[in-house]
Amino acid sequence: MDTTKTPAPTAPEADSPADLKKADATAESAATADADTDVTDATTEAVLNEDAKDAEDAEGLDEELEESAAQSSGVGAGASAIVAAGLGLVALSGSWVSRIVGERETLIGQIGSANATTTEAKIEALYGNAWHMTALFNGVLSTLALLLAVFVLARPAFGAPGRTLPTWVRAVSWAAVAIAALGVIVFGVMYFYPLPTAPAV
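To keep things clear, this report deals only with the structure shown in the data block. Worth saying up front: this structure is predicted, and the values here are computed from it rather than measured. (Residues numbered from 1 in each chain as written. Predicted model: local features only at pLDDT ≥ 70, side-chain atom pairs only at ≥ 80, totals over all residues. Heavy atoms only, no water.)

## As for helix H3 (residues 119-154)
Between its terminal C-alpha atoms H3 stretches 50 Å, which fits the 52 Å expected from 36 residues at 1.5 Å a residue. Maximal helix bending in H3 amounts to about 40°, located at Tyr127. (Helix = DSSP H or I, 4+ residues; strand = E, 2+ residues; numbered from the N terminus. Expected span 1.5 Å × (residues − 1). Bend = angle between axes of the 7 residues up to and from the residue.)

This is how it looks when you write it as structure tokens:
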């Protein structure tokens, strides 16, 4: 009796070492590809996050620069407004320099009055030049104060759109305009006002 058994035709054959090595290589390649994909995704996300952070930093820097420029502009306008108001007050009340100039013209007139032959000529020599120089000097100061105040008020129109001056700067500038305009009028009248005349004997 033959007891030798033949393998069943449907029985699975044992995996050969080559097939096992090929399967391991495929699995390793798949794992490597997944790892590369994860690294690429992580790198892309990091780059995007860094770009977003850079954009936020740039935007913050722009805002800081604009705020700094606005503050510096406001400080300059405020200082100019105060200077204009000060010049207007000094001119209207009479500056020390204008008084010195007037006294100098008076001294020159006293020296020249010795040769004056008429009373009108003596009055002109003693008081006329000093009067006119004082009015002229203070009038120039008032004009400078007026121009500076008007420049401060008109400056925002030539700057960035929507930028306005602080309330206190506008208030000081308008006060300087009023004082300086009053000084220009007063000293203009003073300069062209005729000198008094001596009564006829």
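## Considering the side chain of Ser173
Along the chain, Ser173 falls in helix H4 (residues 167-192). Looking at Ser173, the relative accessible area reads 0%, which means it is buried. Setting aside residues up to four positions removed in sequence, Ser173 forms contacts with Ala81, Ala149, Val152 and Leu153. (Buried < 20%, exposed > 50% of the residue type's maximum accessible area, 1.4 Å probe, protein only. Contact = heavy atoms within 4.5 Å.)

## A short note on the packing of aromatic side chains
Under the definition given, this model contains one aromatic pair. Note on Tyr191 and Phe192: the rings are 5.1 Å apart at their centroids and 80° apart in plane angle, and the pair reads as edge-to-face. Judged by relative accessible area, which is 33%, Tyr191 ranks as partly exposed. The exposure class assigned to Phe192 is exposed, which follows from its relative accessible area of 68%. (Phe/Tyr/Trp six-rings, centres within 6.5 Å; stacked < 30°, edge-to-face > 60°.)

## Here we look at the side chain of Ser98
Looking at the secondary structure, you find Ser98 in helix H2 (residues 96-112). Assessed through its relative accessible area of 2%, Ser98 is described here as buried. With sequence-adjacent residues up to four places away left out, Ser98 is seen in contact with Thr134, Phe137 and Asn138.

## Things to note about the packing of H3 against H4
Where H3 meets H4, the closest approach of the two axes is 8 Å, and the angle between their N-to-C directions is 155°. In terms of orientation, H3 and H4 fall into the roughly antiparallel class. Considering the relative orientation of H3 and H4, their crossing is left-handed. Tallied by class, residues from the contact of H3 with H4 come to 19 nonpolar, eight polar and one charged. (Axes fitted to C-alpha atoms, helices over the stretch in contact; angles between N-to-C directions. Parallel < 35°, antiparallel > 145°, perpendicular 65-115°, else oblique. Left-handed = near helix turned anticlockwise from the far one by under 90°. Nonpolar A, V, L, I, M, F, W, Y, C, P; charged D, E, K, R; others polar.)

## Description of the packing of H2 against H3
Closest axis-to-axis distance for the H2/H3 pair is 7 Å, and the angle between their directions is 160°. In terms of axis orientation, H2 runs roughly antiparallel to H3. As H2 packs across H3, the resulting crossing turns out to be right-handed. From H2, Val97, Ser98, Val101, Gly102, Glu105, Thr106, Gly109 and Gln110 reach across to H3, where they touch Ala125, Leu126, Asn129, Ala130, Met133, Thr134, Phe137 and Asn138. Residues of the contact of H2 with H3, tallied by class, amount to seven nonpolar, eight polar and one charged.

## Things to note about the pattern of salt bridges
A complete count under the given rule lists two salt bridges for this structure. Among the salt bridges present, the one from Arg99 reaches Glu103, with a minimum N-O distance of 3.3 Å. Of this pair, Arg99 and Glu103 both sit in helix H2, four residues apart, roughly one helical turn. Accessibility expressed as a relative area gives 43% for Arg99, which makes it partly exposed. With its nearest N and O atoms 3.8 Å apart, the salt bridge here joins Arg104 to Glu105. Among the residues examined, Arg104 registers a relative accessible area of 54% and is labelled exposed. Overall, the relative accessible area of 15% leaves Glu105 in the buried class. (Salt bridge = Lys/Arg side-chain N within 4 Å of Asp/Glu carboxyl O.)

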